[in-house]
Amino acid sequence: MTEQELERRQQEFDAKVANEERIEPKDWMPDDYRKTVLRQMSQHAHSEVIGMQPEGNWITRAPTLSRKAILLAKIQDEGGHGLYLYSAAETLGTSREDMVEALHLGKAKYASIFNYPALTWADMGAIGWLVDGAAIVNQVSLQRTSYGPYSRAMIRICKEESFHQRQGYQIMLVLARGSTEQKAMAQDALDRWWWPSLMMFGPHDAESAHTAKSMQWKLKRESNDQLRQKFVDQAVPQAEFIGLKMPDPDLHWNEDRGHYDFGKIDWDEFWRVVSGDGALQPPTSGTPYQSPGGRRLGTRRHACL
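Since the structure is predicted, the reported quantities are computational estimates derived from the model, not experimental observations.

### Re the overall build of the protein
Check the secondary structure of the protein and you find ten helices and four strands. From first element to last, N terminus to C terminus, the protein shows the α and β order α-α-α-α-α-α-α-α-α-β-β-α-β-β. Taken against the 2.2 N^0.38 rule, which gives 19 Å for 305 residues, the C-alpha radius of gyration of the protein at 20 Å falls within 12% of a compact globule. Summarising its shape, the C-alpha atoms of the protein cover approximately 70 × 50 × 35 Å along the three principal directions. Counting all 305 residues of the protein, 51% fall into the buried class. Sequence separation of at least 24 residues holds for 71% of the intrachain contacts in the protein that already meet a minimum separation of 6. Carbon and sulfur atoms make up 53% of the accessible area of the protein, which amounts to about 14,700 Å² in all. For the protein, the distance from the average site of its 37 positive side-chain charges to the average site of its 41 negative ones is 4 Å.

In structure tokens:
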């Protein structure tokens, strides 16, 4: 391809993105765009599949038959989301086998939050409410992402993720309004999952390697910090409604900004977990232990409540 032809195609690509037209698999696209979309979609697909695993461990321990059926439906949805996304990623010329192999070799990543253990039934509530809630905040804007197959896959995924978020919140609501021990278990789960949920949006914008380009190409519509703020503003009133307290002494409403201010995220913990050093061994029965950042994770005695 001549330099003039390459320049013409780049201009056509830029015009499509600027005019809110979707980039389709047969369209010409810059190599960096292709690589970025593939990285984002494959990481998303891997996260859906890996996210099934901590929940799968709780199918046999769900407290009622109804809870078991709901959890099974949620896990089935997540498997479907992985399939949608792998299929969408395959339109870029890579195979599902290659993507899975990259995951196994450590060349591809998944959401680091799934390296945290799910210790109690309340964790199924916290994961649905906070982890899926954070995912929805990010994914709603992805329905308008510039790559067509990704955009269309996100429409159905977002509808199903909203069910997952409500399922988790309802678990937390029931526990928070239950016995003293049940409420304590819900608070313990919130304490452990709150900060990792904020980390899900990725590093601050100034420190993110991908945000600027993804925003330019309209792969992302809002930056990491904008999405994180939106999530905090949404989750804090939800916690107050069910009588739980956010584990952040610096959290307060800022009237001037019209948003909640919140404390500093432990990014050292984030990078340790991303690098694989944050996975914890199963606890000894009744023995409290610490997260990578030093926060208490709970005890095995809660597991079957």
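Next comes the rest of the write-up.
### Notes on the side chain of His44
With respect to the helices and strands, His44 occurs in helix α2 (residues 31-56). For His44, a relative accessible area of 9% gives the class buried. Sequence-distant contacts of His44, that is, excluding residues within four places in its chain, are made with Leu85, Gln139, Tyr150 and Met154.

### Brief notes about the packing of helix α3 (residues 65-90) against helix α5 (residues 121-142)
Running from N to C, α3 and α5 point in directions that differ by 40°, and their axes come no closer than 13 Å. Between α3 and α5, the crossing angle belongs to the class labelled oblique. Both α3 and α5 take part in a crossing whose hand is left-handed. Here Arg67, Leu71, Lys74 and Glu78 of α3 lie close against α5, whose contacting residues are Trp121, Met124, Ile127, Gly128 and Asp132. A class-by-class count of the residues in the contact of α3 with α5 yields four nonpolar, one polar and four charged.

Cut-offs and rules
Residues numbered from 1 in each chain as written. Predicted model: local features only at pLDDT ≥ 70, side-chain atom pairs only at ≥ 80, totals over all residues. Heavy atoms only, no water. Helix = DSSP H or I, 4+ residues; strand = E, 2+ residues; numbered from the N terminus. Rg over C-alpha atoms; globule rule 2.2 N^0.38 Å. Buried < 20%, exposed > 50% of the residue type's maximum accessible area, 1.4 Å probe, protein only. Contact = heavy atoms within 4.5 Å. Areas by Shrake-Rupley, 256 points an atom, 1.4 Å probe, with all protein chains shown as cover. Lys, Arg positive; Asp, Glu negative; His and termini not counted. Charge placed at Lys NZ, Arg CZ, Asp CG, Glu CD. Axes fitted to C-alpha atoms, helices over the stretch in contact; angles between N-to-C directions. Parallel < 35°, antiparallel > 145°, perpendicular 65-115°, else oblique. Left-handed = near helix turned anticlockwise from the far one by under 90°. Nonpolar A, V, L, I, M, F, W, Y, C, P; charged D, E, K, R; others polar.

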